[in-house]
Amino acid sequence: MLGRQQNSSARDNRIGNQTKIHSVPALVAIVMGSDSDWTVMADAAEALTEFDIPHEVEVVSAHRTPDRMIEFGREARDRGIRVIIAGAGGAAHLPGMLASVTTLPVIGVPVPLAKLDGLDSLLSIVQMPAGIPVATVSIGGARNAAILAVRILSVADAALATKLDEFAKSLEVAVAAKNAALRSKL
Ligand code: RP5
């Protein structure tokens, strides 16, 4: 097992960090096909940390560790996981295969590789057959994947819904500040 963690601090979100910061079980699993995906997927861990969501990080490959991938997906709900964020690049089958062995919501993150700019990853993840959905975010959109996971969790968590309201307001404030800064230069 590589990079499994439950944490609350961005500094401790490095893959391979085994330190358990929270004793509470992870609600969100961030999984990826390779440790090389971490450069993109770290954004999801950072956003979950901002919302103080206990999470874990693990490398699971649909192609290189298929048995482990199936085991991970089948056990996730019973372990207390509520949402899976799965990132992969190229022939990116991990999100879809996980969705086929769990009924948890799976959010897919297309990871851009050196060739094809991530379009291959996007199409591999987004074109799921009817009945097995994967909520696919934009290429490299790990941060949005995490925010979507928070929104899913907020359905049954009023405090989290309030945090999301505050987050939306902070975006409004940031845009207003950018607008004012731009207009002041004209
Ligand atoms: C995919 O193959 C992984 O998700 C990764 O994006 C890509 C390349 O993996 P490495 O060769 O860097 O391990 O399964």
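For the structure itself, look to the data block above.
Here the structure is a predicted model, which means the values were calculated and not measured.

Q: I'm lost on unusual backbone geometry in this one. Help?
A: With the exception of glycine, most residues fall at negative phi, and the peptide bonds are largely trans. Although it is not a glycine, Asp52 adopts a positive phi angle of roughly 60°. Looking at where Asp52 falls in the secondary structure, it is placed in the loop between helix H1 (38–50) and strand E2 (55–59). Given a relative accessible area of 41%, Asp52 falls into the partly exposed group. The backbone phi angle of Leu116 is positive, close to 70°, even though this residue is not glycine. Following the sequence through the fold, Leu116 ends up in the loop between strand E4 (106–111) and helix H4 (119–126). For Leu116, a relative accessible area of 58% puts it in the exposed group.

Q: Can you walk me through the pattern of salt bridges in this structure?
A: Note on pairing: side chains with opposite charge can pair once their charged atoms come close. All told, the structure shown has four salt bridges when counted by the stated rule. Ionic pairing is found between Glu50 and Arg143, a salt bridge with its closest N-O pair at 3.0 Å. Of the two residues, Glu50 is situated in helix H1 and Arg143 in helix H5 (residues 142–154); the sequence distance between them amounts to 93 residues. For Arg143, a relative accessible area of 31% corresponds to the partly exposed category. The residue Arg68 makes a salt bridge to Glu58 at a minimum N-O spacing of 2.8 Å.

Q: Would you mind going over the environment of Phe167 with me for this structure?
A: Looking at where Phe167 falls in the secondary structure, it is placed in helix H6 (residues 158–185). Given the relative accessible area of 18%, Phe167 is considered buried. As a C-alpha pair, Phe167 and Ile147 span 20 residues in sequence and 10.0 Å in three-dimensional space. In contact with Phe167, not counting residues within four places along its chain, are Phe51, Arg143 and Ile147.

Q: Would you take a moment to explain the site of the ligand for this structure?
A: Around the ligand, the structure places Gly33, Ser34, Ser36, Asp37, Arg64, Ala88, Gly89 and Leu113. Within the contact set of the ligand, an oxygen atom lies 2.6 Å away from a side-chain nitrogen or oxygen of Ser36. The contact in question runs from an oxygen atom of the ligand to an N or O atom on the side chain of Asp37, over 2.5 Å. Residues of the shell around the ligand, tallied by class, amount to two nonpolar, four polar and two charged.

Q: Would you mind showing me how to read the side chain of Asp120 here?
A: Note on placement: Asp120 falls in helix H4. Within polar-contact distance, the side chain of Asp120 engages the side chain of Ser121 at 3.4 Å. Excluding anything up to four places from it in sequence, Asp120 contacts Gly90 and Lys115.

Conventions used here
- Residues numbered from 1 in each chain as written.
- Predicted model: local features only at pLDDT ≥ 70, side-chain atom pairs only at ≥ 80, totals over all residues.
- Heavy atoms only, no water.
- Helix = DSSP H or I, 4+ residues; strand = E, 2+ residues; numbered from the N terminus.
- Buried < 20%, exposed > 50% of the residue type's maximum accessible area, 1.4 Å probe, protein only.
- Salt bridge = Lys/Arg side-chain N within 4 Å of Asp/Glu carboxyl O.
- Contact = heavy atoms within 4.5 Å.
- Near = heavy atom within 4 Å.
- Polar contact = N/O pair within 3.5 Å; in protein donor to acceptor, adjacent residues only side chain to side chain.
- Nonpolar A, V, L, I, M, F, W, Y, C, P; charged D, E, K, R; others polar.

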